[in-house]
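Inside the fold
Given next are the chains, with one letter for each unit.
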Amino acid sequence: MDLNRTGRVAALCWVAAAPIYLVASLITGLRWRDPTYSWALHNISDLGNVHCGIWDTTRPRYVCSPWHPLFNAAALLAAVLLAVGLLLTWRHLGRGGVVRSAQTLLLLSTVGFALVAIYPADVDENMHVLGAVMIMGLGNIGLLLAGFAPGSTTLDRWRPLTRTAGVIALVGTVLFFAQQGLGIGVGGMERVAVLPFPLWACCLGVLLAEAPTSARRPRRSSPRRRSPEAAVPPAPRSTPWRSSRR
């Protein structure tokens, strides 16, 4: 598939989204002190909480994230990049009801990423939960649906990758809501549910960026037209008469 410049920009947006989100999560977690941040115990949302104190009635834990503005800003930026990538590749990924449904659900998932960033859990829990449901519910269904794109579409080329990401995300979602950590903790299981979409988009962005750009196609050289003057053979040079007289 040949990409135009718009499609290449979209691919770069997808490549950047996941690293921005993960690096911000790592840096924000490292700024926790008492207690230290645990990727197995704490939820992703704990990184964005504004206030310090005991949080969550189902799994009470002390949350205090000094660098929560960094995480929330990075999550919002990642949401924007994912959305831009989807919108700019809307035609490139194919047509049909399955592809359009998958794209719509994934786009709603980016809205969910934005909601959880704008509304931290301890500021507006209802909006935060709505955003989480859009990410782990609608978005993961859309990701799995993209794995069943028709064979004539671009998404079909990466069907194994897409289906694997979708299945992992949905299994992680079910186990997370059931509060089952299976050795990696409930916080780790939440990441299994949330991260497949950004990571899939990053991989797909790399693959799309390697596609040839339509603007760079070599042009066929047209045969040169010979001018009328060039078609006429040059006249033979006349030899001057030598005078017989000395």
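Figured I'd write up the structure that's included with this text. (Residues numbered from 1 in each chain as written. Predicted model: local features only at pLDDT ≥ 70, side-chain atom pairs only at ≥ 80, totals over all residues. Heavy atoms only, no water.)

Quick word on the overall build of the chain
From N to C terminus, the chain includes 8 helices and 2 strands. Ordered by position from N to C terminus, the α and β elements of the chain give α-β-β-α-α-α-α-α-α-α. When burial is assessed residue by residue, the chain has 43% of its 246 residues classed as buried. Working note: accessible area of the chain is about 14,100 Å², and carbon and sulfur atoms make up 63% of it. (Helix = DSSP H or I, 4+ residues; strand = E, 2+ residues; numbered from the N terminus. Buried < 20%, exposed > 50% of the residue type's maximum accessible area, 1.4 Å probe, protein only. Areas by Shrake-Rupley, 256 points an atom, 1.4 Å probe, with all protein chains shown as cover.)

Observations regarding the packing of helix 1 (residues 5-30) against helix 2 (residues 68-88)
Between two packed helices, both the angle of their axes relative to each other and the distance between the axes serve to describe the pair. Packing of helix 1 against helix 2 brings their axes to within 8 Å, and their N-to-C directions diverge by 160 degrees. Relative to helix 2, helix 1 is oriented roughly antiparallel. For helix 1 against helix 2, the interelement crossing comes out left-handed. By residue class, the composition of the contact of helix 1 with helix 2 is 21 nonpolar, 5 polar and no charged. (Axes fitted to C-alpha atoms, helices over the stretch in contact; angles between N-to-C directions. Parallel < 35°, antiparallel > 145°, perpendicular 65-115°, else oblique. Left-handed = near helix turned anticlockwise from the far one by under 90°. Nonpolar A, V, L, I, M, F, W, Y, C, P; charged D, E, K, R; others polar.)

A word on the nonpolar core
The biggest cluster of nonpolar side chains holds 45 residues, and the ones touching the most others in it are Trp 14, Tyr 21, Leu 155, Phe 197 and Trp 200. Within the residue set of this core, elements represented by two or more residues are helix 1, helix 2, helix 3 (97-118), helix 4 (125-146), helix 5 (159-177), helix 6 (185-194) and helix 7 (196-209). When sequence neighbours within four positions are dropped, the list of residues in contact with Tyr 21 reads Ile 44, Phe 71, Ala 75, Ala 78, Phe 113, Val 194 and Leu 195. (Core = buried A, V, L, I, M, F, W, Y, C linked by side-chain atoms within 4.5 Å. Contact = heavy atoms within 4.5 Å.)

So, the state of the cysteines
Scanning the model with the defined rule gives 1 disulfide in all. The disulfide that involves Cys 52 links it to Cys 64, with 2.0 Å between the sulfurs. Linking Cys 52 and Cys 64, the disulfide has an S-S dihedral of approximately 50 degrees and is accordingly described as right-handed. A residue pair is termed long-range when its members are at least 10 positions apart, and Cys 52 in the loop between helix 1 and strand 1 (53-55) and Cys 64 in the loop between strand 2 (61-63) and helix 2 qualify at 12 residues. Residue class for Cys 52 comes out partly exposed when judged on its relative accessible area of 46%. (Disulfide = S-S within 2.5 Å.)

Some details on the pattern of salt bridges
By the definition in use, this model includes 2 salt bridges. Here Arg 61 ties to Asp 56 by a salt bridge, and the two come within 2.9 Å at their closest N and O atoms. Judged by its relative accessible area of 23%, Asp 56 is partly exposed. Several salt bridges converge on common partners, so that one network encompasses Asp 46, Asp 56 and Arg 61. (Salt bridge = Lys/Arg side-chain N within 4 Å of Asp/Glu carboxyl O.)

Notes on a nonpolar patch on the surface
A cluster of nonpolar side chains, namely Val 23, Ile 27, Trp 67 and Leu 70, defines an oily patch on the protein surface of about 320 Å² accessible area. Inspection of the secondary structure puts Ile 27 in helix 1. Judged by relative accessible area, which is 33%, Ile 27 ranks as partly exposed. (Patch = residues over 30% accessible without salt bridge, like charges linked within 9 Å, V, L, I, M, F, W, Y side chains within 5 Å.)

Things to note about the packing of aromatic side chains
According to the stated counting rule, one finds 6 aromatic pairs in the structure shown. Each ring, one from Trp 14 and one from Trp 200, has its centre 6.1 Å from the other, and the planes form 50 degrees; the classification is tilted. Placement of the pair is Trp 14 in helix 1 and Trp 200 in helix 7, with a sequence separation of 186 residues. Take Trp 14 and Trp 200: they sit in the same class, and that class is buried. Relative to Trp 200, the ring of Phe 197 has its centre 6.3 Å away and its plane inclined at 35 degrees; by these criteria the two rings are tilted. Of this pair, Phe 197 and Trp 200 both sit in helix 7, separated by 3 residues, roughly a single helical turn. The pair Phe 197 / Trp 200 is uniform in exposure class, with both members buried. Each member of the aromatic cluster is reached from another via a ring pair, and the members are Trp 14, Phe 197 and Trp 200. (Phe/Tyr/Trp six-rings, centres within 6.5 Å; stacked < 30°, edge-to-face > 60°.)

Section: the packing of helix 5 against helix 6
With their axes 7 Å apart at the nearest point, helix 5 and helix 6 run at an angle of 145 degrees to one another. In the packing of helix 5 onto helix 6, the handedness of the crossing is left-handed. Together, Ile 168, Ala 169, Gly 172, Thr 173, Leu 175 and Phe 176 of helix 5 and Val 186, Met 189, Glu 190, Val 192 and Ala 193 of helix 6 make up the contact between the two elements. Considering only residue class, the contact of helix 5 with helix 6 consists of 8 nonpolar, 2 polar and 1 charged.

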